[in-house]
Amino acid sequence: MRIQALSLQHAAGSLRSWHRDWGGVLTTTLAFVFLSYVAWMVFGQPSDEYKTLVTDLAQPLVSLGMTILAFRASRQHSLSSQNRRAWTLIAIAFLMYFIGNVMWGYYELVLGTDLSVTLADVPYLCY
């Protein structure tokens, strides 16, 4: 019984320290945004107009958060130089995905143009 209580205390302490770190808070927030988005799409049955609007707003937010977290991981001195380089490449890829999402949203929401071929394809292909 005492071992179980110590395990729960250790787990709670680890969770508290993880949430004090801004990376943990950002990860939790992104997970909440993603799960809310999926639940809304599955259970909300929104119209195509609202799907487009919410998707074009949610995707850049999530991809920017992924970019920030990958860049943060690339700066961890406890990692080897090879791992830091890998995280830097992942951060650059996520940045390209973010730029593509922003451009796609601009073309779709602001300009209302045909999305078959746009300049948004360039960062998506870089990703």
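Residues numbered from 1 in each chain as written. Predicted model: local features only at pLDDT ≥ 70, side-chain atom pairs only at ≥ 80, totals over all residues. Heavy atoms only, no water.

## A look at the overall build of the protein
Tallying secondary structure elements over the protein gives five helices and zero strands in all. Each helix and strand of the protein, ordered N terminal to C terminal, gives the series α-α-α-α-α. Across the 127 residues that make up the protein, the buried fraction comes to 22%. Summed over its atoms, the accessible surface of the protein is roughly 9000 Å², and 68% of this surface lies on carbon and sulfur atoms. (Helix = DSSP H or I, 4+ residues; strand = E, 2+ residues; numbered from the N terminus. Buried < 20%, exposed > 50% of the residue type's maximum accessible area, 1.4 Å probe, protein only. Areas by Shrake-Rupley, 256 points an atom, 1.4 Å probe, with all protein chains shown as cover.)

## Brief notes about the packing of aromatic side chains
Tallying each qualifying case throughout the model produces one aromatic pair. Residues Tyr 106 and Tyr 107 carry aromatic rings whose centres are separated by 6.0 Å and whose planes lie at 65° to one another, so their mutual orientation is edge-to-face. Overall, the relative accessible area of 42% leaves Tyr 106 in the partly exposed class. The class for Tyr 107 is buried, based on a relative accessible area of 16%. (Phe/Tyr/Trp six-rings, centres within 6.5 Å; stacked < 30°, edge-to-face > 60°.)

## What to know about helix 3 (residues 48–74)
Compared with an ideal rise of 1.5 Å per residue, which puts 27 residues at 39 Å, helix 3 spans 38 Å between its outermost C-alpha atoms and is within 8% of the ideal. Among the residues of helix 3, those classed as buried are Thr 55, Asp 56, Ala 58, Pro 60, Val 62, Ser 63, Gly 65, Thr 67, Ala 70, Ala 73 and Ser 74. Summarising the contacts, the buried residues of helix 3 are in contact with helix 2 (22–43) and helix 4 (81–111). (Expected span 1.5 Å × (residues − 1). Contact = heavy atoms within 4.5 Å.)

## Digging into a nonpolar patch on the surface
Side chains of Tyr 50, Leu 53, Leu 57, Tyr 106, Leu 109, Val 110 and Leu 111 sit close together on the surface and give an oily, nonpolar patch of about 670 Å² of accessible area. Listing elements by their share of the nonpolar patch, those giving two or more residues are helix 3 and helix 4. When you line up the elements, Tyr 50 lands in helix 3. Residue class for Tyr 50 comes out partly exposed when judged on its relative accessible area of 47%. (Patch = residues over 30% accessible without salt bridge, like charges linked within 9 Å, V, L, I, M, F, W, Y side chains within 5 Å. Salt bridge = Lys/Arg side-chain N within 4 Å of Asp/Glu carboxyl O.)

## Side note on the packing of helix 3 against helix 4
Two elements in contact, helix 3 and helix 4, have axes separated by 8 Å at closest approach and are oriented at 160°. Between helix 3 and helix 4, the interaxial angle falls into the category roughly antiparallel. When you trace helix 3 past helix 4, the crossing you get is left-handed. When its residues are assigned to classes, the contact of helix 3 with helix 4 shows 17 nonpolar, eight polar and three charged. (Axes fitted to C-alpha atoms, helices over the stretch in contact; angles between N-to-C directions. Parallel < 35°, antiparallel > 145°, perpendicular 65-115°, else oblique. Left-handed = near helix turned anticlockwise from the far one by under 90°. Nonpolar A, V, L, I, M, F, W, Y, C, P; charged D, E, K, R; others polar.)

## Focus on the side chain of Thr 67
With respect to the secondary-structure elements, Thr 67 resides in helix 3. Given a relative accessible area of 10%, Thr 67 falls into the buried group.

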